[in-house]
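# Inside the fold
This is what each chain is made of:
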Amino acid sequence: MKAIVVGPDEDGLTDALEAEGVEVTRIEELGTRPALEEAGITDADALVLTLAAGATAIPVAKDLNDDVRVVVYAGDDLPDFARGQADFIVDPRLLSAQAVAEELAG
């Protein structure tokens, strides 16, 4: 499985995903179209946002890869325009990075 994690990773989700055998590419800035393309979004299985403010990456990712699963792992509110395109919205205060990684990798 291949995942792209966009945003800060204060909860250790990247490490948890890698521990589950997921190939992770990180984008620490905004998930712009060029950044997503460079990270390999067309071949990715999952896009993980760790900051809801970066939600503009969701429609861009879906445009480039219809099959990508979108997971938002953030404590802030996701804008309405992106809610319908996210497959999972998880608050890190409610579910650990390890639990999310296990679900994604499983």
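Figured I'd write up the structure that's included with this text. Everything numeric here is computed off the predicted structure, so don't read it as measured data.

## A look at the nonpolar core
- Ranked by size, the top nonpolar core spans 23 residues in total, and within it Ile4, Leu36, Ile41, Leu47, Ile58, Val72 and Leu78 carry the most contacts.
- Only β1 (2-6), α2 (33-39), β3 (46-49), α3 (57-64) and β4 (69-73) provide two or more residues apiece to this core.
- The element that contributes the greatest number of residues to this core is α3, accounting for four residues.
- When residues no more than four places from it in sequence are discounted, the contact partners of Ile58 are Leu47, Leu49, Val70, Val72, Leu78, Ala82 and Gln85.
- With 16 residues, the next largest nonpolar core counts Val24, Tyr73, Val90 and Ala101 among its residues.

## Things to note about the pairing of strand β2 (residues 23-27)
- Where β1 lies against β2, five bridges are found, and the strand directions are parallel. Residue pairing in the sheet places Ala3 in a bridge with Val24 of β2.
- Note on the crossover from β1 through helix α1 (residues 13-19) to β2: the handedness is right-handed.

Analysis parameters
Residues numbered from 1 in each chain as written. Predicted model: local features only at pLDDT ≥ 70, side-chain atom pairs only at ≥ 80, totals over all residues. Heavy atoms only, no water. Core = buried A, V, L, I, M, F, W, Y, C linked by side-chain atoms within 4.5 Å. Buried < 20%, exposed > 50% of the residue type's maximum accessible area, 1.4 Å probe, protein only. Helix = DSSP H or I, 4+ residues; strand = E, 2+ residues; numbered from the N terminus. Contact = heavy atoms within 4.5 Å. Pairing = 2+ DSSP bridges. Right-handed = clockwise from strand over helix to strand, strands pointing away.

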